[in-house]
Amino acid sequence: MTEKTLPIVILGVLVVAAGSFFIWGMMRRYRREMGLKQEDQEKTQDVSFIIGAFQDVTRQLKEKEKELERLRSLAEQRAENVESYTENILQCVTSGVITFDTNGLSTTMNRAAEEILGLERAKALGRTCGEIFGEGDTCRLVQDTLQKKIPSRRMETELVRQKDRIWLGFNTALLMDRQGKSLGVILSFSDLTEVKQLQEQMELRERLTALGEMSAGIAHELRNPMAVIAGYLNLLAKKQDGAGQAVIKDVLEEIGGMNRIIGDLLTFARPTALNRTPVNMRELVESCVATVLQAKGADARIATVLDLGEGTAPIDEVLMRQALGNLIQNAVEAMPDGGTLTVRSHRDHDLIITVKDAGIGIPREQHRKIFLPFFTTKDKGVGMGLALTHKIITAHGGRIEVESGEGGGTAFSITIPLE
């Protein structure tokens, strides 16, 4: 190697060494940067994973929320269907149903209960049993069921409803949830008024039948000796002077009155054979009213209100004239100082005739007795008129009812079926 080439070689070595050092530094820096990028990439991948997992959980939660909302809607719909189903059943039941909670306040009430009690549901809900029914057997039974947790047996009671009275048959039962926890009491009741009226009519008919049979025997036993007495009195009258004949005449008049009573008894006891013919009811009622007022005379001071429908009815005219005459006669006699006699009639499925006076009325405790023979509230009278009227009406397949109270006048209503 010459002196000229040595510096060149040294310079080349230095250049190579410097290049190698530069390349090594660049490679180290590149490796360091590559390491940081990989770490950042790993961190980025971790964050992306977490975000993705959170998004998956959120999506699942939303799906579960939608499912829960669907199930909740189904449950609410099912509850509404059950409630509607129960409500429809309650509204279709002919018996009245009222539920009371554990505090004794009414919570539900069906349509039949409204109709029977004549009370609107809105005014009844939230009220106590005493406020709805008054103090009586009904509320005592509700309280006993609440306290003793025992259902009741069937009972009957009379209830004053506004201006009239009704008979109720009722019972109670516990209202509980599925766990057996008491929620209150169910009160179920039905209107027995018509049944009671029919039962009373049947009992009265049986009593009158038995009484009629007995009366017939008594009447026959009395009529024969009374005829003998009247005969002897007539013979005796021929041998008496004026004073004696006057006494005998009075006795004969009394015997005649007794004979009329006996005749009524025989008529009452005799089976009623109807001779039905089409009768114009307007003309019949007007004729009966005119006959009674004419017999009463001009001093009767009776005002008449006639509201009579048109048409005919298949009835026994003679017997019905007697029945209506008795009712109108009683109405006029109930107003000795004058008043208003109201007679109304109309046809529907039945023939209904009402005779009303403005007299002193009949006490309620006497309503069951007024159709019995010989029961009367008059100073003069035998008490056979209403008994015969009742028999005539029942023979036509109808019924007669009375509405009266002391000081409020009396109304007799006759109902005769036309079909």
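Our structure's up above, just so we're on the same page.
To start, this report covers the structure provided alongside it. (Residues numbered from 1 in each chain as written. Predicted model: local features only at pLDDT ≥ 70, side-chain atom pairs only at ≥ 80, totals over all residues. Heavy atoms only, no water.)

1. So, the overall build of the protein chain
Helix and strand content of the protein chain: 10 helices and 12 strands. Within the protein chain, the fraction of its 419 residues that count as buried is 31%. Intrachain contacts of the protein chain at a sequence separation of at least 6 include 60% that bridge at least 24 residues. Surface exposure of the protein chain reaches about 27300 Å², of which carbon and sulfur atoms provide 56%. (Helix = DSSP H or I, 4+ residues; strand = E, 2+ residues; numbered from the N terminus. Buried < 20%, exposed > 50% of the residue type's maximum accessible area, 1.4 Å probe, protein only. Contact = heavy atoms within 4.5 Å. Areas by Shrake-Rupley, 256 points an atom, 1.4 Å probe, with all protein chains shown as cover.)

2. Digging into the nonpolar core
With 36 residues, the main nonpolar core has Leu341 and Phe412 as its most contacted residues. Aside from chain neighbours lying at most four places away, what touches Phe412 is Leu327, Ile353, Thr354, Val355, Ile362, Ile370, Phe371, Leu386, Ile400, Glu401 and Val402. Formed by 22 residues, the second largest nonpolar core is a distinct cluster that contains Ile98, Leu119, Cys139 and Leu168. (Core = buried A, V, L, I, M, F, W, Y, C linked by side-chain atoms within 4.5 Å.)

3. Remarks on the packing of aromatic side chains
The geometry of an aromatic ring pair comes down to the distance between the two centres and the angle between the two planes. Applying the stated rule across the entire model yields 2 aromatic pairs. Plain terms: the ring middles of Phe371 and Phe412 are 6.3 Å apart, the flat faces sit at 75° to each other, and that makes the pair edge-to-face. Placement of Phe371 in the loop between strand 10 (350-356) and helix 10 (385-395) and of Phe412 in strand 12 (residues 410-417) is noted, with a sequence separation of 41 residues between them. For the residue pair Phe371 and Phe412, the accessibility class agrees, reading buried in each case. (Phe/Tyr/Trp six-rings, centres within 6.5 Å; stacked < 30°, edge-to-face > 60°.)

4. Structural notes on the pairing of strand 11 (residues 399-404)
The two faces of strand 11 differ: Ile400, Val402 and Ser404 on one face are buried, but Arg399, Glu401 and Glu403 on the other face are not. In this sheet, strand 12 lies alongside strand 11 in antiparallel orientation, the contact comprising 6 bridges. Residue pairing in the sheet places Ser404 in a bridge with Thr410 of strand 12. Where strand 11 folds back on strand 12, the antiparallel hairpin that results is connected by 5 residues, among which Gly407 adopts a positive phi of roughly 85°. (Pairing = 2+ DSSP bridges.)

5. Some remarks on the sheet that holds strand 9 (residues 339-347)
On the basis of which strands lie adjacent, the open sheet formed by 5 strands has the order 7-9-10-12-11 and mixed pairing. Since the sheet does not close on itself, it has two edges, and those belong to strand 7 (302-308) and strand 11, each with one partner. With direction set aside, neighbouring strand axes in the sheet form an average angle of 10°. Two elements, strand 9 and strand 10, share 6 bridges in a ladder whose sense is antiparallel. Considered in strand 10, the bridge of Arg347 is made with Leu351. Those strands touched by helix 10 are strand 11 and strand 12, and its axis lies near 135° from that of strand 11. (Axes fitted to C-alpha atoms, helices over the stretch in contact; angles between N-to-C directions.)

6. Focus: the packing of helix 8 (residues 281-296) against helix 9 (residues 317-333)
Here helix 8 crosses helix 9 at 45°, and the two axes come no closer than 9 Å. Looking at the two axes, helix 8 sits oblique to helix 9. Regarding helix 8 and helix 9, the two cross each other, and that crossing is right-handed. Here helix 8 contributes Leu284, Val285, Ser287, Cys288, Val289, Val292, Leu293 and Lys296 to the contact with helix 9, which in turn contributes Glu317, Met320, Arg321, Leu324, Gly325, Ile328, Gln329 and Val332. The class makeup of the residues in the contact of helix 8 with helix 9 is 10 nonpolar, 3 polar and 3 charged. (Parallel < 35°, antiparallel > 145°, perpendicular 65-115°, else oblique. Left-handed = near helix turned anticlockwise from the far one by under 90°. Nonpolar A, V, L, I, M, F, W, Y, C, P; charged D, E, K, R; others polar.)

7. Here's the deal with helix 10
For helix 10, a buried count of 9 out of 11 residues is recorded, marking the element as mostly surrounded by other parts of the structure. Those residues of helix 10 that sit buried are Leu386, Ala387, Leu388, Thr389, His390, Lys391, Ile392, Ile393 and Thr394. Once helix 10 finishes, Gly397 follows within two positions and takes phi at roughly 80°, a positive value.

8. With respect to the pattern of salt bridges
Considering all chains together, one arrives at 7 salt bridges under this definition. For Asp307, the salt bridge goes to Arg344, with nearest N and O atoms at 3.6 Å. Remark: Arg344 occurs in strand 9 and Asp307 occurs in strand 7; sequence separation between them is 37 residues. Residue Glu317 is joined to Arg321 by a salt bridge in which the shortest nitrogen-to-oxygen separation is 3.2 Å. With Glu317 and Arg321 both in helix 9 and 4 residues apart, the pair spans about one turn of that helix. (Salt bridge = Lys/Arg side-chain N within 4 Å of Asp/Glu carboxyl O.)

9. Some words on helix 9
The terminal C-alpha atoms of helix 9 lie 24 Å apart, and with 17 residues this matches the ideal 24 Å at 1.5 Å per residue to within 8%. Taken together, the buried positions of helix 9 are occupied by Leu319, Met320, Ala323, Leu324, Gly325, Leu327, Ile328, Asn330, Ala331 and Val332. (Expected span 1.5 Å × (residues − 1).)

10. Side note on the packing of helix 9 against helix 10
Relative to each other, helix 9 and helix 10 sit at 140°, their axes nearing to 9 Å. Taken together, the axes of helix 9 and helix 10 are oblique relative to one another. Every pair of crossing elements has a handedness; the one defined by helix 9 and helix 10 is left-handed. On helix 10, the residues touching Leu319, Met320, Gln322, Ala323, Asn326, Leu327 and Asn330 of helix 9 are Gly385, Leu386, Leu388, Thr389, Ile392 and Ile393.

11. Overview of the side chain of Thr394
Structurally, the position occupied by Thr394 is in helix 10. The buried category is assigned to Thr394, whose relative accessible area is 14%. Polar contacts involving the side chain of Thr394 include one to the main-chain carbonyl oxygen of His390, which spans 2.9 Å. Among the polar contacts made by the side chain of Thr394, one reaches the main-chain carbonyl oxygen of Lys391 at a distance of 2.9 Å. (Polar contact = N/O pair within 3.5 Å; in protein donor to acceptor, adjacent residues only side chain to side chain.)

12. Looking at the side chain of Asp316
Mapped onto the fold, Asp316 is located in the loop between strand 8 (312-315) and helix 9. We note that Asp316 is buried and unpaired, the nearest opposite charge coming from Arg276 at a distance of 8.0 Å. Within the local environment of Asp316, its side chain forms a polar contact with the backbone nitrogen of Val318, the two atoms lying 3.2 Å apart. The contact partners of Asp316, leaving out residues within four places of it in the chain, are Ala273, Leu274, Asn275, Arg276 and His396. (Lys, Arg positive; Asp, Glu negative; His and termini not counted.)

13. Here we look at the environment of Lys181
Secondary-structure assignment places Lys181 in the loop between strand 4 (164-176) and strand 5 (182-191). Contacts of Lys181, omitting those with residues within four sequence positions, involve Leu175 and Met176.

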